Each structure stands twice: as structure tokens, then as C-alpha cells.
Amino acid sequence: MSHTTLAPTYVVRTLGCQMNIHDSEHMAGLLESAGYTAAPQGDDVADVVVINTCAVRENAANKLYGNLGQLAHAKTERPGMQIAVGGCLAQKDRGTIVEKAPWVDVVFGTHNLDVLPAMLKRARHNAEAQVEIEESLQVFPSTLPSRRDSVSSAWVSISVGCNNTCTFCIVPSLRGKERDRRPGDVLAEVQALVSQGVVEITLLGQNVNSYGIEFGDRGAFAKLLRACGEIEGLERVRFTSPHPAAFTDDVIEAMAETPNVMPSLHMPLQSGSDAVLRAMRRSYRSAKFLDILDKVRAAMPDAAITTDIIVGFPGETDEDFEDTLRVVEQSRFSSAYTFQYSPRPGTPAFEMPELPKAVVTERFGRLKALQERVSLAENQGVVGRTVELMVLDGAGRKDGASARLSGRAPDGRLVHFSLPDATADAPRPGDMVTVEVTRAAPHHLISDSALTGGTYAVRATRAGDAWDAASGEGHDHAAGGCGSACGTGTGGPAGPVGLGMPSLRAARA
């Protein structure tokens, strides 16, 4: 299996969204359960390389085949090396991948992550590529083993798939119809994660606020948020992404009334033009979108709201684009993920005539410049405020000159903060640090309050303790002495917490 006598190594390369990141955690967990071990940090080649693909953006295929081209040479120099391709582009292109890149050993889809170790074994035994794509979900991903990259934070999937029919989006055809997990299963997973040191979870779904429709409870998402507030030791709850059409007042109330639900919201706008929203089959209009934001800010004045926007959708006129600029100005997003429209084969919009590239590029530049100004103004409004940051895993030194570390504020903003002096003990990833914001930039905040004797306080957390346990001297991964905190061993005497959930394990930071 490997060119050494040690356990075979693996690397998972992730292309795409949060769903893909979470799926990659399960791929890693499956491989470790099958006897593989993670390649050393920084290595991009191993005995098995898995590429978890995205199909949403135009350059998705280019990224995949660029990765595969690099690996072709590595494979000739590493006897027994295997390459696997999974994710959305694998679901879409299937056997085409092996035709274009015959050195690929395994192709699997979004609905059958669980077959990865068996397919690698079969490809090795048969000495030929294995392609296995299922049309519907076979095993809910959250029932699979997981190896997380963070000790303090974790994704928790509450649903997979999507019931919407947005004309630009290929996700429903690749991920299938929405499937919801039962609330008890979700909460059991959250509890298991918290017992292992996690202090922040993000509830994950294509449309999280439509959660519960499958089992007949339209209020299930708000109830789930409130239930997370009852879990002792869980300090921060986030979620992504809701759909404006299904965003209801009970969710806003649950956010505002549940202390550990953070005042941050990612609300995809896509366009500020009602005509374009109609063409996109987005079942809301700009007035409703702005009304939701007003309600959120009335309930949570300090909420930071982020969004997704597509520029240059087919048929978008100058007037339509001006409407988008108007809504962006009114929305006061703290940041926005902006994209130039790219046609995706298999979507209704693929048949629509595209706008001239120069027009789209010019509009994109104007939108980006506006959002930069808005982001800077919104961040400047935070200067002087005292915030509690969760120190990021692997934050390290931001730069040698400032020696700042990085943390995330409750509203999701990134803050680079200084220590009191060069000799001060650095807080651990997952610990909480209280500082005063002293400066703003469009994409981050700065806190140098500690340098002048101002606000600076560290609160140790169970996440920091878990980080210590996973990274301390004398830590023997092979013996499994880290229990469930590390994700590289076989489990210590205490073992992972059993709540009917799989072993959920975190990588050493």
C-alpha cells in the first residue's frame, strides 16, 4: 500500500464551499478508520491524495485538472500512490475524469463518501480505475467518522441537498433534494463535540432555515438554535446559509434571545434587482431582503451581516445593476462575496445569452469598490469597542514586526491583536481574549490596546485545554494517548464520548 513500512499517508485537497470542507473532514475520518495516517503538515503529496471538487464556479474544472496534472508526475516517482477524485465535479463529470486523466484511481460522488476506502482497495486489487456515482444519498455524512482541522470549532451538518430551483445553481442536481437530520441527532453530535473541547459550532446546510420541512416542523430551525443555547460549555453558535425567502421572525427572535447564538448572519442577496431575482428564480424581492435586515438589526443592533452577490447575470441591464448598488449601499454589509456570473452546463441559465465580458468586468469593479468603502465604514464603527475574541487555531504570528495574533469577534469579524509585550505568554487557540479595537481596515480590525496598558484579558477555555492536550510535549499519537481530542490516534482509555454518534476527532493544531 505504501512505499514505506509505516502506515500509508493521505492528503485531502479541498476545492469549494463549507459543505466541501465538512465532507473532506469525513473523507479524512474514513481514511484514518481504514488505517491511513495524515501526511505531515504542509505536504501536498502522499500515498493517497484525495481531491474534493467543486462545480459551482467556471474555473472548477481547470482547478481540478491543474491539480491532477501536478500529481501525474508525482505518481510516477512514488510507486503505489493512488489518486481519488470526489465532490460535486466528480458527481457531474463521472467517467469523463478518468478519460481525461487516466492516472486517476478512484472517482466517487457526493452521495457515497463512505465507499472511498473500499474503492481505493478495489482499485489497487484490480489494477484499474474505479468509478462509482450514486444518484441519491446512501449514507448521511454526519454518521461517518470525522477528522477535524480545528480543536475549538466544528461544522455540524443539519441537512444536505436543496429544494430550490435557482437558474444559475447546479447544486440541487449534484447534492439532491433536501434531507434533514433529526434534531436529537444534531444535538447529540453537538454535545459530543463540546465534550471534546469544542466551544464553537456552525450549523451547516444549503438552506438552514428551511430545516424541518422534511419532517413537518417549519419552526424546527428556531427551536434548534434555542436548544443549542441549553448546551453547557457551548459558547458560540453560528449557521450558514439561510435563504431570504424562508427567513422568518422566529429565527430572528431565537438569535436575539439565545446568548450563545452569535450576532452574525450570512444572507445571500445575489442581486438587488427584482427583475434579475425573478430571472434567477429567487423567490424574494429586494424590499423583503432589506426588511429582514432591518428586523435583524432592530433585534441585534451590533449584528454583522455578510452576503453573496452575482454580477452580470444574463439579461442584467445597467438599471438592474444600479439597483444592486443601491441595495448594497442600504444593506451595509460588513463584507460580501462577489462573483462574476459564469454559466454552468446543466442549469437553466446556461441557455441564456451572456453579457459582454467587458461590461461584466466593469460592473464587478464598481461593486467591489463600493463594498470596500462600505466594509471600511462598518469596521470603523467598531473602533473603540471592547470585544471578546476567540483565538484562531494555528493563528501564529500575523507578521514579525507586529507580533500580532488573530481572533474572531462574536460578530464574525477578524481581529489581529497585540500581546502586552514580547515576553507575554500567548493565549492558546480556542482561548478567549478581551481587547479594545483600535484600528480598522476593510477586511479586518486591529487591536493594539494591550501595548499601551489598555484592555487586555485572557480567559482560558476547555478548547485551549484540548489544544494543549493535542500539542503538548511527550504527546504520543501512535499510542492514542490523546483520546478523542487529536484525531490521529486510536483513542485513549477514556475514549471518545459515545452518544450514538461516531468518533468526532480533531487534528493537531
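Every chain's residues receive numbers from 1 upward, in the order its sequence appears when written. Only residues with pLDDT of 70 or above have their local features reported here, since the model is predicted, and side-chain atom pairs are shown and tallied only from 80 upward, although totals for entire chains, interfaces and linings are computed over all residues. Calculated side-chain values reflect all of the structure's heavy atoms, with hydrogen atoms and water omitted.

Q: Tell me what's going on with the confidence of the model for the protein chain, and back it up with residues and numbers.
A: When pLDDT is averaged along the protein chain, the result is 87, and 89% of the positions lie at 70 or above. The quantity called pLDDT is the predictor's confidence in a given residue, expressed from 0 to 100. Contacts are residue-level and defined by heavy atoms, with any inter-residue pair within 4.5 Å sufficient. With pLDDT under 50 throughout, residues 473-509 is counted as low confidence; its partners more than four residues away or in other chains account for 82 contacts.

Q: Talk me through the pattern of salt bridges; I want residue IDs and the actual numbers.
A: A side chain of one charge can pair with a side chain of the opposite charge if their charged atoms are brought near each other. A pair is scored as a salt bridge if a Lys or Arg side-chain nitrogen falls within 4 Å of a carboxyl oxygen belonging to Asp or Glu. Going through the model one piece at a time under the given rule, you end up with 26 salt bridges. The shortest N-O distance in the salt bridge between R428 and D465 comes to 3.0 Å. Of this pair, R428 sits in the loop between β18 (414-417) and β19 (432-436) while D465 sits in helix α14 (residues 462-471), and the two are 37 residues apart along the sequence. We call a residue buried when its accessible area falls under 20% of the maximum for its residue type, exposed when it is over 50%, and partly exposed in between, using a 1.4 Å probe and counting protein chains only. What makes R428 buried here is its relative accessible area of 15%. Residues participating in the shared-partner salt-bridge network are R428, D431, D465 and D468. Helix numbers and strand numbers start at the N terminus; a helix is a DSSP run of H or I with at least 4 residues, a strand a run of E with at least 2.

Q: For the environment of E135, give the residues involved together with the corresponding values.
A: Tracing the chain through its elements places E135 in the loop between β6 (130-132) and β7 (146-148). E135 sits in the exposed class, given a relative accessible area of 56%. Ignoring sequence-local partners within four residues, the contact set of E135 consists of Q91, R94 and H111.

Q: Break down the packing of aromatic side chains for me, with residues and values.
A: Aromatic contacts are taken between Phe, Tyr and Trp rings whose centres are within 6.5 Å, Trp giving its six-membered ring; a plane angle under 30 degrees counts as stacked, one over 60 as edge-to-face, and the others as tilted. Across all of its chains, the model carries 5 aromatic pairs by this definition. A ring pair is formed by Y211 and F215, whose centres lie 5.5 Å apart and whose planes are at 80 degrees; its orientation type is edge-to-face. The buried category is assigned to Y211, whose relative accessible area is 0%. Each ring, one from Y284 and one from F289, has its centre 6.4 Å from the other, and the planes form 35 degrees; the classification is tilted.

Q: Any details on the packing of helix α8 (residues 220-228) against helix α9 (residues 249-257)? Residues and values, ideally.
A: In this description, a line fitted to the C-alpha atoms serves as the axis of each element, helices being fitted only across the stretch in contact, and the angle between N-to-C directions of two axes falls anywhere from 0 to 180 degrees. Between α8 and α9, the shortest axis-to-axis distance is 8 Å and the interhelical angle comes to 5 degrees. Comparing their axes, α9 and α8 come out roughly parallel. Between α8 and α9, the contacting residues are F221, A222, L225 and R226 on the first element and D250, V251, E253, A254, M255 and E257 on the second. Charged means Asp, Glu, Lys or Arg here, nonpolar means Ala, Val, Leu, Ile, Met, Phe, Trp, Tyr, Cys or Pro, and polar covers whatever is left, Gly included. Looking at the contact of α8 with α9, its residues break down into 6 nonpolar, no polar and 4 charged. To sort the angles, those under 35 degrees are grouped as roughly parallel, those over 145 as roughly antiparallel, those from 65 to 115 as roughly perpendicular, and the leftovers as oblique.

Q: Summarise the pairing of strand β8 (residues 153-157); cite the residues concerned and give the values.
A: For a regular strand, the rule is simple: side chains alternate between the two faces of the sheet. Among the 5 residues in β8, 4 count as buried, and that is most of the element. At least two DSSP bridges between two strands are required for those strands to pair. Judged from the 5 bridges that link them, β8 and strand β11 (residues 200-204) form a sheet pairing that is parallel. Across the sheet, S153 pairs through a bridge with E200, a residue of β11.

Q: Give me the lowdown on the packing of helix α7 (residues 183-195) against α8, citing residues and values where you can.
A: At a closest axis distance of 11 Å, the pairing of α7 and α8 adopts a crossing angle of 30 degrees. Considering the angle they form, α7 stands roughly parallel to α8. You can see that α7 and α8 cross each other, and the crossing is right-handed. Contact residues: P183, V186 and L187 in α7; L224, A227 and C228 in α8. Looking at the contact of α7 with α8, its residues break down into 6 nonpolar, no polar and no charged. Crossing handedness is read from the near helix: turned anticlockwise from the far helix by less than a right angle, it gives a left-handed crossing, and turned clockwise, a right-handed one.

Q: Can you break down α9 residue by residue, with the values?
A: Side chains that are three or four residues apart share a direction in an α-helix, a result of its 3.6 residues per turn. Every buried residue of α9 is accounted for by V251, I252, A254 and M255. Around the axis of α9, the buried residues are gathered within 160 degrees of arc, so they sit on the same side. Each element contacted by the buried residues of α9 is listed here: α8, β12 (236-240), β13 (264-266) and α11 (286-299). Each direction from the helix axis to a C-beta atom contributes to the arc, which is the arc of those directions.

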